[in-house]
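Given next are the chains, with one letter for each unit.
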Amino acid sequence: MTDCLFCKIIAGEIPSSKVYEDDLIFVFKDINPKAEIHLLIIPKEHIDRLDNVSESQAPVLTAMLQKLPELAESQGLTDGFRTIINTGPAGGQEVYHLHMHLLGGKQLPGFH
Ligand code: 5GP
Ligand code: ZN
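Rules used throughout
Residues numbered from 1 in each chain as written. Chains lettered and ligands numbered in written order. Predicted model: local features only at pLDDT ≥ 70, side-chain atom pairs only at ≥ 80, totals over all residues. Helix = DSSP H or I, 4+ residues; strand = E, 2+ residues; numbered from the N terminus. Contact = placed C-beta atoms within 7 Å. Near = placed C-beta within 6 Å. Nonpolar A, V, L, I, M, F, W, Y, C, P; charged D, E, K, R; others polar. Pairing = 2+ DSSP bridges. Axes fitted to C-alpha atoms, helices over the stretch in contact; angles between N-to-C directions.

## Looking at the environment of Thr 83
Alright, step 1. On the secondary structure map, Thr 83 appears in strand S4 (residues 82–84).
Alright, step 2. In contact with Thr 83, not counting residues within four places along its chain, are Leu 68, Met 100, His 101 and Leu 102.

Take a look at the structure:
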């Protein structure tokens, strides 16, 4: 997708602080961190939102989840973390390239 901010980040057309990448996923630091550690985990393939993931695209969700323990450890998050996927306008999604927030560091407030 040529007009997508996160596709441009994957392509290196817009700079980012990359933490990890493989065939399926790309991980980088959020530009406006809402916690001490705030990473974004995204599929390399452009998928706009969580509720539009097709069956053939679904394996990338597993890849995103499976990487969490290693990413958390690499960031020093030894005692847990929070993951968030905002979906659609009512869910607070601002960038329409699927992304999982990985947040941690200091104790996060409860989310009830
Ligand atoms: P959303 O609200 O869509 O779930 O989250 C979008 C996230 O992308 C926000 O936390 C925002 O700070 C982050 N973000 C927006 N533009 C950029 C950018 O150009 N670079 C990086 N690294 N993060 C960005
Ligand atoms: Zn994209």
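## Looking at the site of ligand 1
Alright, step 1. Close to ligand 1 lie Leu 5, Ser 16, Phe 28, Lys 29, Asp 30, Ile 31, Asn 32, Asn 86, Gly 92, Gln 93, Glu 94 and Val 95.
Alright, step 2. Grouping the constituent residues of the shell around ligand 1 by class yields four nonpolar, five polar and three charged.

## Section: the sheet that holds strand S5 (residues 100–104)
Alright, step 1. Pairing is antiparallel in the open sheet, where five strands are placed in the order S1-S2-S3-S5-S4. Only two strands of the sheet have a single partner each, and these edge strands are strand S1 (18–21) and S4. Taking each pair of neighbouring strands and ignoring which way they run, the sheet shows an average axis angle of 20 degrees.
Alright, step 2. Pairing geometry for S1 and strand S2 (residues 25–29), over three bridges, is antiparallel. Within S2, the residue paired with Lys 18 across the bridge is Phe 28.
Alright, step 3. Packing of helix H2 (residues 59–66) onto the sheet brings it into contact with S2, strand S3 (37–43) and S5, and relative to S2 it is tilted by some 45 degrees.

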